[in-house]
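# Analysis of the macromolecular model
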Amino acid sequence: MHPRAGASLSRRRFLALSAAGAATGAATLSGCAMQVSSGVGGGGETVTVMAKPDDFPPELVRQARKDLGVKIVTVRYDITKLIGMMTNGAPPDLVRGVGATDAPYFAARDVMEDLDPYFAGSDVLKADDLDPVNDLWRFDGRTQGKGPRYGMAKDFSQDSMYWYNTALFDRAGEAHPPETEPVTFEEWLETAGRLTRRENGQTTVFGGSYNGVLTPNLLASLTVAAGGSLFTDDFSRVDFTTPEARKALNWYIEYGRARVGPSIVQPDPNTWDGPTFQANRMAMSNSGYWLGGLINSDKKLAPHARLAPAPVFEGGRRVSPCQAGTGLWMPRKARNKDAAWRVFEWFFGEGPAKARAAGGWGIPTLKSLRPLMPAQEDYQKRVLKVQNAELKHFSVIAYTPYATADSLYALFNQEAPAAMNGHLSVDALAGRLNSVMNEQLKRGKEQVG
Amino acid sequence: MTVDQIPATGRTGPVESTGRTAPPQRPRISMTARRHRAFYLFTSPWIIGFLLLTVVPMAYALWLSFTTYDGISPHWSYVGLGNYTELFSDPQTWNSLGRTGLFALTSVPLSIIAGLGLAVQVNRPIKARGLFRTLLYLPAVVPPVGVGLTFKALFDQNSGAANGVITLFGFDALGWLADPYARYVLLMSVLWAAGNVMIISLAGLQDVPRELHEAARIDGASAWRTFRSITVPLLSPVLLFQTVTGVIASVQTIMPLLLSPDGTTAGVTALPQSNYLYMMHVFSQYFALGRYGYASALLWVLFVLILIVTGLIFKFTSGVVFYNVDPEAKK
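All values reported here derive from a predicted model rather than from experimental measurement. (Residues numbered from 1 in each chain as written. Chains lettered and ligands numbered in written order. Predicted model: local features only at pLDDT ≥ 70, side-chain atom pairs only at ≥ 80, totals over all residues. Heavy atoms only, no water.)

### A word on the interface of chain B and chain A
- Chain B puts 39 residues into the contact, and the matching count from chain A is 37 residues.
- For the chain B and chain A pair, buried surface summed over both sides reaches about 3,200 Å², with 52% attributable to carbon and sulfur atoms.
- The three residues of chain B that bury the most area against chain A are Ile72(B), Asn158(B) and Leu289(B), which together make up 20% of that side's buried surface.
- Scanning the region where chain B abuts chain A turns up zero salt bridges. (Contact = heavy atoms within 4.5 Å. Buried area = accessible area lost by both parts, 1.4 Å probe. Salt bridge = Lys/Arg side-chain N within 4 Å of Asp/Glu carboxyl O.)

In structure tokens:
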């Protein structure tokens, strides 16, 4: 229906045209949606990846098109959006996830694709080339680290290790930490206290940051380092009142009370250690090898930055876990699984994986890519030596499948500030954490069945 | 076919004596019916949008509020009023509700007074009035996320400009984003955007008949008396509008989240206690704990509370709000 040139637009015609316009708009929108979900793109297949912008920047998307002939459509990672997409039956083909905590959670809810058959047939990702860190993405229905593989880590760090700034140590007259022997957590905290600088109520130099990647995971790791386990055998409860968990909790609360580094009662506006460490305002940061990507790019900082082994508790175990193991997984209802697997192989074993390994942003998760880790400069060789020595202390610390890391973190945040501000004893805090976290775990267990 | 044979509802016109068929005639529709039809046709895009984007989600949220649904787990159950009864025994609900009420009671009057004060000033015949109006309105244009980031940077204890200034004068730096100061930073972030209130008050002020002010001046009324007895009563519908929308906005505010130094979803629970408002509780239950059912119940309770509070505001202000309505317009 077209109005004649020069004809006035009657109300009836206007409504008819509006309706036609709306229908066309709806068809166009529906066409857009179809392009994403049908797996058919211009000239090749389309794979929808839900990730953070840094994981799949536009140049990597273009590279995938060139290398694989696959069009990657990226969707910004958002757990609510992910749940919405899965509920609507149109999940992404690949999803970003934190292996240490997401893998058991999603696997227990049966929304992840078992990738074992894909790994078995792959010439790129071979089982004997996979670093043990990838076991974080295994789950046998009860315990993390065993059973089918549901994903893979893109790179990793032993996140209890810490970097230190030799210039700040020298300025404070402190001896540098030993490179291969761990200090104790108590010594670490005392040193951090001596390195902290304050003026007029402002902290000009943080002595040390020790927050781990995710607080619940950090607490689980600290408890293992103290010789115990935060979770019960069936992962359905936490117990902060065991001597080991209490030791771990007490140390972390002491860290918060001492205000030697960022914490929930003294947050760093940068929200992560990188910029503060780079600005020579943080003497120690437990960021693991991963922070080397930032450090290597700063030629002034790099010669002063050294890596040290994960601390231990006196009388405890020497463990050096990975608290993240961020990577990708494939939803069970993904529509374009074969093309997604091609992207998966490429991302974890080909060009992008090699580039990541050479950049120093984490340890490659394929053993064969280790030689690519930066070792041109003396300081890089030194860091690599410490890192390689630490690898033999790696261990998978299993996480509960009954709660997200975010939920336990939120509950910890709710209760811990009172203790960090000195208004609540650690024993009382342990009791409260048991109460609120176990309630959340109970709900989760009921919902997993 | 004769005239008698023409079906009553047929579109065929009567056969003229010449044998030619007359042009078809539409069934008669009254003017009222046509107006109704036009109304519904023109408003149908909004009505459809309202149904799909408001009524359906609200109904869905209502249904969710009776379940333990978490979005992803395979097993969830219908718990009836379980979430609502839990809500009333949850101390965080009451505490956050109390703080929200206090926040609304302070932020709404302060922002209305600030906005009205600014409007009165920029309504004067001064030089560069337009420039002042623009500059004062500019903060209201900044998106809330920008306000959050700016205030976080300004009020950071260790690197913020606020502490930079006070330490220059020999005072110790303050933890602005922690208790007990965090509530003041939140309040400042609201007042900073008072330009929004100003622009509406300014429009109201320009509607106040000048002759009333002139008459008052001739009668010897002071400026304050004129403002109190003429300007404010005539502005009362505008002030009522600002009160109602201000209260609704303040109980729904997510500004504390934007001021959160943590920057993560779960970090909402680490907010200073004074800034842990009702919406923060909803946010933590929904996004951090994945309790869609419980969070939906919290939102439904908030919806009902807003209705009640709005009704009470209308009830208690009915005697002091003067509507300058043309009686003919009611017809």
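Now, onward.
### Quick look at the sheet that holds strand 11 (residues 284-285) of chain A
Residues and elements named next belong to chain A.
- The three strands lie next to each other as 11-8-12, forming an open sheet whose pairing is antiparallel. Among the strands making up the open sheet, the edge pair consists of strand 11 and strand 12 (305-308).
- Note: strand 8 (residues 162-165) against strand 11, two bridges, orientation antiparallel. From the neighbouring strand, Trp163 faces strand 11, where its bridge partner is Ser285.
- Across the sheet, helix 14 (residues 378-390) touches strand 8 and strand 12, and the angle it forms with strand 12 is around 10°. (Pairing = 2+ DSSP bridges. Helix = DSSP H or I, 4+ residues; strand = E, 2+ residues; numbered from the N terminus. Axes fitted to C-alpha atoms, helices over the stretch in contact; angles between N-to-C directions.)

### What about helix 12 (residues 337-349) of chain A?
All names here are of chain A.
- Here helix 12 spans 17 Å end to end across 13 residues, near enough to the 18 Å set by a 1.5 Å rise per residue.
- Of all 13 residues making up helix 12, ten are buried, and the element is well covered by its neighbours.
- For helix 12, every residue scored as buried is listed here: Ala339, Ala340, Trp341, Val343, Phe344, Glu345, Trp346, Phe347, Phe348 and Gly349. (Expected span 1.5 Å × (residues − 1). Buried < 20%, exposed > 50% of the residue type's maximum accessible area, 1.4 Å probe, protein only.)

### Describing the pattern of salt bridges
- Under the defined criterion, the tally for this structure stands at 18 salt bridges over all chains.
- A salt bridge links Asp110(A) to Arg332(A), with the shortest nitrogen-to-oxygen separation between them at 3.8 Å. Taken together, the positions of Asp110(A) in the loop between helix 4 (99-108) and helix 5 (116-120) and Arg332(A) in the loop between strand 13 (326-329) and helix 12 put the pair 222 residues apart, joining distant regions of the chain.
- We note a salt bridge from Glu86(B) to Arg291(B), for which the minimum N-O separation is 3.0 Å. Of this pair, Glu86(B) sits in helix 2 (residues 82-88) while Arg291(B) sits in the loop between helix 12 (278-288) and helix 13 (292-317), and the two are 205 residues apart along the sequence.
- One continuous salt-bridge network, built from bridges that share partners, spans Asp55(A), Arg96(A), Lys154(A), Asp155(A) and Arg356(A).

### A closer look at the sheet that holds strand 6 (residues 151-153) of chain A
All names here are of chain A.
- Reading across from one edge, 2-1-3-13-6 is the order of the five strands in this open sheet, with mixed pairing throughout. Every other strand in the sheet has two partners, leaving strand 2 (70-76) and strand 6 as the edge strands with one partner each. The average angle at which neighbouring strand axes cross in this sheet is 25°, direction not considered.
- Against the sheet, helix 4 contacts strand 3 (94-98) and strand 13, and its axis sits at roughly 120° relative to strand 3.

### What to know about the UniProt feature "transmembrane region" (unreviewed entry) in chain B
Residues and elements named next belong to chain B.
- Here, the residues flagged by UniProt with the feature "transmembrane region" (unreviewed entry) are residues 38-63, 102-122, 134-155, 185-205, 234-255 and 300-325.
- In residues 38-63, the share of helix is 100% and the share of strand is 0%. The end C-alpha atoms are 35 Å apart.
- Helix makes up 90% of residues 185-205 and strand 0%. Its end C-alpha atoms lie 30 Å apart. (UniProt positions renumbered as here; feature names shortened; annotations may be inferred.)

### A word on the packing of helix 8 (residues 215-225) of chain A against helix 15 (residues 405-420) of chain A
All names here are of chain A.
- As a packed pair, helix 8 and helix 15 sit with axes 7 Å apart at the nearest point and diverge in direction by 85°. Between helix 8 and helix 15, the angle falls in the class roughly perpendicular. Contacts between helix 8 and helix 15 involve Thr215, Pro216 and Leu219 from the first element and Ala405, Leu408, Tyr409 and Phe412 from the second. (Parallel < 35°, antiparallel > 145°, perpendicular 65-115°, else oblique.)

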